[in-house]
Amino acid sequence: MEISVDRANEVLIAKVEGRIDGANAREFEDALNGAIGEDDSKVLLDFSALSYISSAGLRVILLIARLLQKRNAAFALCSLSDPIREVFEISGFDKIISIHDSQAEAVDKIGR
Amino acid sequence: MTQTPYKILVVDDEPDLEHLMRQRMRRDVRSGLYTLYFAQNGVEALERLNEVPDIDMVLSDINMPRMDGLTLLAQIPNIAPDIRAVVVSAYGDMKNIRTAMNRGAFDFITKPIDFQDLRVTIERTLKNMEEWREALESRDKLVRLQNELNVASKMQQSILPTEFPDSDHCEIYANMEPAREVGGDFFDVFGLPGGKIALAIADVSDKGVPAALFMMSSRTLLKGSAIGAIEPGAVLKEVNDLLTEENEAAMFVTTFYAVYNPQTGQVDYSNGGHNPPLVVHSDGSSTLLPGTDGLALGVFPGVNFGQSAVVLSPGDLLLLYTDGVTEAMNADGEEFGMDRLQAVFADDPPGSTEDANKAVFKAVHEFAGETPQSDDITCVTVLQRQV
């Protein structure tokens, strides 16, 4: 699992590569918390290079979503592969977290 | 320093050495760092070791009357396995040094004794011994933890039902294979008023002890709610509201809950973010149960849970499963997936619910091969009998 960070239109874009499971969910959580700055009010996770996410990974997404909600910060996901999107749909997480087809669309939506 | 002095046993047949050692080490002895004991040969050394408990270190000469240092080395582990031994040998006596090291000596110094070197060697030896003791303590703690986990695992397994309804109308079977000692999956099957049967399958985010604790409370809440309310959507709503009340850790549990009427085959269900169950028909074809617009429990308070219904025809099999089945991976990183699950029954519709579960577990294990199981695998199966 690798995370690379970029910014566009005041949106922090964290691109997640590889897989997130029980073994590295904690590492994923720490990496995201480290990447998201105090002043970031718009956070986008780009999942285009994510190959797998387990329920332990979903829990981290939920933790981050709650944290950002408390700060009134925007939070979204983009570019989910079909199997990953299915995980979000089955668990119902797509109802509480906004999901966009592409990075451009997401940045357009939540950016400045 | 307030700790008890390290006890060092010095074994040498030269009578002058005791005097010399006491003189050279007197500051360390007086400050309470070391206590020195002396013996003149291996036999005396063994006697000392038996008399004085907790000797930390032995410093021994090799050539001595009655019992030499190499023989002593071989004897020490029988009396005190954790003791560190350092041998004193003639300069260049590689053969004896090798033998001593092979018999478990920690280090060696050469004669004539360089007391500066001796002091460093003693410090290093005792430090190593301290670390060794700490490692042993950690290991003991781990063993204790492991034992507690085993108890927790047994408790967890013991709350899962092992006896299932078996009547003219239906047959039910369920089982779970946890990936670790304590898991996050659970299922429940219990009777409701009017001859109906409650069916539940659930999967807590993550595994291990936190998941197991969350699983225990989810299971208790679900059973309590199921007995009070009859509509599956209302049951999940109540459990969700209770679980979200205090959930700082953001744990959640995907839950499929159904009320099954064996007389009519009707299954009223609500799906809280769980994998869609499968209805396998007697010809081997199968269909997924449509969702009910649900969300995993524990995520968001106050949400409503929809519900839906399906009627099982005689010969139909309803299979509830967790993602440990569909997300089982093989060495190439491929997932078992829905297609393979449906294929299990396509050519070979099972005769009984237990056979159905066995067939699923077998297919998953064969697919995964040597790849270790990373998630709990659970199946609950209901067969609507041909009357």
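Structure shown above.
Being a predicted model, the structure only gives us computed values, none of them experimental.

1. Focus: unusual backbone geometry
Phase 1: A cis amide bond links B:K111 with the next residue in sequence, B:P112, at an omega value of -5 degrees.
Phase 2: The residue B:P112 is located in the loop between β5 (107-111) and α6 (115-159) in this model.
Phase 3: Backbone geometry places A:N72, a non-glycine residue, at a positive phi of 55 degrees.
Phase 4: Mapped onto the secondary structure, A:N72 falls in the loop between α2 (55-70) and β4 (74-78).
Phase 5: Judged by relative accessible area, which is 75%, A:N72 ranks as exposed.
Phase 6: Phi at A:S79 takes a positive value of approximately 60 degrees, unusual for a residue other than glycine.
Phase 7: Tracing the chain through its elements places A:S79 in the loop between β4 and α3 (82-91).
Phase 8: Classification of A:S79 as buried rests on a relative accessible area of 17%.

2. Quick word on the sheet that holds strand β2 (residues 34-39) of chain B
All names here are of chain B.
Phase 1: In spatial order, the strands read β2-β1-β3-β4-β5; together these 5 strands make up an open sheet with parallel pairing. Each end of this open sheet is capped by a strand with a single partner; those strands are β2 and β5. Neighbouring strand axes in the sheet, compared pairwise and without regard to direction, differ in orientation by 20 degrees on average.
Phase 2: This element, helix α1 (residues 15-24), spans β1 (6-11), β2 and β3 (57-61) of the sheet and lies at about 175 degrees to β2.
Phase 3: Relative to β3, helix α4 (residues 69-79) is tilted by about 155 degrees, and along the sheet it contacts β1, β3 and β4 (84-90).

3. Regarding helix α3 (residues 42-51) of chain B
All names here are of chain B.
Phase 1: Those residues of α3 that sit buried are G42, A45, L46 and L49. The buried residues of α3 occupy an angular sector of 100 degrees when the element is viewed end-on, so they sit on one face.
Phase 2: The elements touched by buried residues of α3 are β1, β2, β3 and α4.
Phase 3: Its side-chain oxygen placed 3.0 Å from the backbone nitrogen of V43, N41 serves as the N-cap of α3.

4. So, the packing of α6(B) against helix α7 (residues 208-228) of chain B
Residue and element names in this part refer to chain B.
Phase 1: Where α6 meets α7, the closest approach of the two axes is 12 Å, and the angle between their N-to-C directions is 25 degrees. When the axis of α6 is compared with that of α7, the two are roughly parallel. Remark: the crossing between α6 and α7 carries left-handed chirality. Touching L149, M155, Q156 and I159 of α6 are V209, A212, M215, M216 and R219, all from α7.
Phase 2: Its residues assigned to classes, the contact of α6 with α7 shows 7 nonpolar, 1 polar and 1 charged.

5. Details of the sheet that holds strand β1 (residues 2-8) of chain A
Residue and element names in this part refer to chain A.
Phase 1: If you walk across this open sheet you meet the 5 strands as β1-β2-β3-β4-β5, and the pairing is mixed. Unpaired on one side and paired on the other, β1 and β5 (98-100) mark the two borders of the sheet. Taking each pair of neighbouring strands and ignoring which way they run, the sheet shows an average axis angle of 25 degrees.
Phase 2: In this fold α2 packs onto β2 (11-20), β3 (42-53) and β4, with an angle of close to 180 degrees to the strand it touches most, β3.
Phase 3: Sheet contacts for helix α4 (residues 103-110): β1, β2, β3, β4 and β5; angle to β3, the most-contacted strand, approximately 155 degrees.

6. A closer look at the interface of chain B and chain A
Phase 1: Contacts between the two partners involve 23 residues from chain B and, on the opposite side, 17 residues from chain A.
Phase 2: The contact between chain B and chain A buries some 1,700 Å² in all, and 57% of this surface belongs to carbon and sulfur atoms.
Phase 3: Between B:D293 and A:K95 there is a salt bridge whose closest N-O contact spans 3.6 Å.
Phase 4: Taken together, chain B and chain A are joined by 7 residue pairs in polar contact (both at pLDDT 80 or more).
Phase 5: For the side of chain B that touches chain A, a count of residues per class yields 11 nonpolar, 7 polar and 5 charged.

7. Remarks on the nonpolar core
Phase 1: Grouped together as the largest cluster of nonpolar side chains are 46 residues, with contacts concentrated most on B:I172, B:L199, B:L222, B:V253, B:Y257, B:Y260 and B:L318.
Phase 2: It is strand β8 (residues 197-204) of chain B that contributes the most residues to this core, 7 residues altogether.
Phase 3: Those residues in contact with B:Y257 that lie beyond four places of it in its chain are B:L192, B:A198, B:L199, B:A200, B:L222, B:A226, B:P232, B:V235, B:L236, B:D268, B:Y269 and B:S270.
Phase 4: Grouped together as the second largest cluster of nonpolar side chains are 37 residues, A:V16, A:L62, A:L80 and B:L295 included.

8. Details of the pairing of β3(B)
Residue and element names in this part refer to chain B.
Phase 1: Along β3, 5 of the 5 residues are buried, which leaves the element largely enclosed by surrounding structure.
Phase 2: The pairing of β1 with β3 spans 4 bridges and is parallel. Each bridged residue has a counterpart across the sheet, and for V10 the counterpart in β3 is L59.
Phase 3: As judged from the 5 bridges shared by β3 and β4, these two strands associate in the parallel manner. Residue pairing in the sheet places V58 in a bridge with A85 of β4.

9. Description of the environment of B:S138
Phase 1: Position of B:S138 relative to the elements: it lies in helix α6.
Phase 2: On a C-alpha basis, the gap between B:S138 and B:C379 in space is 38 Å, while along the polypeptide they are 241 residues apart.

10. Some words on the packing of aromatic side chains
Phase 1: By the definition in use, this model includes 7 aromatic pairs over all chains.
Phase 2: With a centroid separation of 5.7 Å and 65 degrees between ring planes, the pair formed by B:F164 and B:Y173 is classed as edge-to-face.
Phase 3: A relative accessible area of 17% places B:F164 in the buried class.
Phase 4: B:Y173 sits in the partly exposed class, given a relative accessible area of 22%.
Phase 5: Plain terms: the ring middles of B:F336 and B:F367 are 5.5 Å apart, the flat faces sit at 70 degrees to each other, and that makes the pair edge-to-face. Of the two residues, B:F336 sits in the loop between α9 (323-326) and α10 (337-346) while B:F367 sits in helix α11 (residues 353-368), which places them 31 residues apart along the sequence. As far as the burial class goes, B:F336 and B:F367 line up, both buried.
Phase 6: Ring pairing ties together the aromatic residues A:F47, A:F88, A:F93 and B:F252, which thus form one cluster.

Conventions used here
- Residues numbered from 1 in each chain as written.
- Chains lettered and ligands numbered in written order.
- Predicted model: local features only at pLDDT ≥ 70, side-chain atom pairs only at ≥ 80, totals over all residues.
- Heavy atoms only, no water.
- Helix = DSSP H or I, 4+ residues; strand = E, 2+ residues; numbered from the N terminus.
- Buried < 20%, exposed > 50% of the residue type's maximum accessible area, 1.4 Å probe, protein only.
- Pairing = 2+ DSSP bridges.
- Axes fitted to C-alpha atoms, helices over the stretch in contact; angles between N-to-C directions.
- Contact = heavy atoms within 4.5 Å.
- Arc of directions from axis to C-beta.
- Polar contact = N/O pair within 3.5 Å; in protein donor to acceptor, adjacent residues only side chain to side chain.
- Parallel < 35°, antiparallel > 145°, perpendicular 65-115°, else oblique.
- Left-handed = near helix turned anticlockwise from the far one by under 90°.
- Nonpolar A, V, L, I, M, F, W, Y, C, P; charged D, E, K, R; others polar.
- Buried area = accessible area lost by both parts, 1.4 Å probe.
- Salt bridge = Lys/Arg side-chain N within 4 Å of Asp/Glu carboxyl O.
- Core = buried A, V, L, I, M, F, W, Y, C linked by side-chain atoms within 4.5 Å.
- Phe/Tyr/Trp six-rings, centres within 6.5 Å; stacked < 30°, edge-to-face > 60°.

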